[in-house]
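Spelled out, the chains give:
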Amino acid sequence: MPYFIIAVIVFIADQYTKHVIVNSFHLYESREVIPGFFNLVFVTNSGAAFSFLADVDSPWRHYFFLGVGLVAMVGLTIGYFVMRKESPWYCFAFASIAGGAAGNLVDRVRFGSVVDFLDVYVGSYHWPAFNVADSAICVGAGVFILISLLESRKGQKGNVQ
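This report concerns the structure included in the present document. (Residues numbered from 1 in each chain as written. Predicted model: local features only at pLDDT ≥ 70, side-chain atom pairs only at ≥ 80, totals over all residues. Heavy atoms only, no water.)

Taken in spatial order, the four strands of this open sheet run β1-β2-β3-β4, and their pairing is antiparallel. Of all strands in the sheet, those with a lone pairing partner are β1 (30–34) and β4 (125–126), marking the two edges. Here strand β3 (residues 114–122) pairs with β4 via two bridges, running antiparallel. Across the sheet, Y121 pairs through a bridge with H126, a residue of β4. Set on the sheet, helix α1 (residues 2–24) makes contact with β1, β2 (38–45) and β3; between it and β3 the angle comes to about 85 degrees. In this fold helix α3 (residues 89–111) packs onto β2 and β3, with an angle of close to 120 degrees to the strand it touches most, β3. (Pairing = 2+ DSSP bridges. Helix = DSSP H or I, 4+ residues; strand = E, 2+ residues; numbered from the N terminus. Contact = heavy atoms within 4.5 Å. Axes fitted to C-alpha atoms, helices over the stretch in contact; angles between N-to-C directions.)

Structure, rendered in C-alpha cells:
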C-alpha cells in the first residue's frame, strides 16, 4: 500500500503545481524568484527529458511517449512487487518514478506535451526547464541506483570467506 500512496502523492503534487502554473502564467512567461539562479516559467515540452525528440514532427512521437509511459508504470509496479523484500527503499524509488511518469503521462494526454516550470540557471546558462514529476523521477532513479549499489556490496561482503 505505501507504494501506491507515495505514487499518488507525487502525482497530485505534480498535477497541482502544473495547474497553478497553467492558471497563473501565460505561455513562455517567466518570473524571477532567486535572482541569478531560479525562475518560475511556463513552457511545454513535446519531447522527453531535455526535449529529446521534441523536434520530430510526426504523430508517432506522441503515441510513442504514451506507450513508454504506460509500459514504465506497469514495469515499475511489477519491479516493486519483485524487489520490495530486499529493501524498503525500493518502494520509495519505484513509487517516485511511477508517480512522476503518471504525472507526465496525464500532461501528454491532456495537452499533447508536458508542462515544465522550474528554471534553474547560473548567469546565461539555463538547465532545461523541468517539473515536480521530472524531479521525482530523478530522485527515485538516484535512490534506486544507490540502494542497488549498497545491496550488491552487502551481498559481496556476505560471500567473502
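Back to the text.
When β1 meets β2, the two strands line up antiparallel, connected through four bridges. Residue pairing for β2: R31 is matched across the bridge by L40. Linking β1 back to β2 in an antiparallel pair, the connection comprises three residues, with G36 at a positive phi of about 80 degrees. Pairing analysis gives six bridges linking β2 to β3, with the strands arranged antiparallel. Bridging across to β3, V43 finds its partner in D116.

Notably, Y28 is not glycine yet its phi reads approximately 75 degrees, a positive angle. Within the secondary structure, Y28 sits in the loop between α1 and β1.

As a further point, take the packing of α1 against α3. Here α1 crosses α3 at 40 degrees, and the two axes come no closer than 8 Å. Classified by the interaxial angle, the pair formed by α1 and α3 is oblique. Note on packing geometry: the crossing formed by α1 with α3 is right-handed. (Parallel < 35°, antiparallel > 145°, perpendicular 65-115°, else oblique. Left-handed = near helix turned anticlockwise from the far one by under 90°.)

Among the structural elements, N45 can be located in strand β2. Note on N45: relative accessible area 9%, which makes it buried. When the C-alpha positions of N45 and R108 are compared, they lie 9.4 Å apart, and in sequence the two are 63 residues distant. (Buried < 20%, exposed > 50% of the residue type's maximum accessible area, 1.4 Å probe, protein only.)

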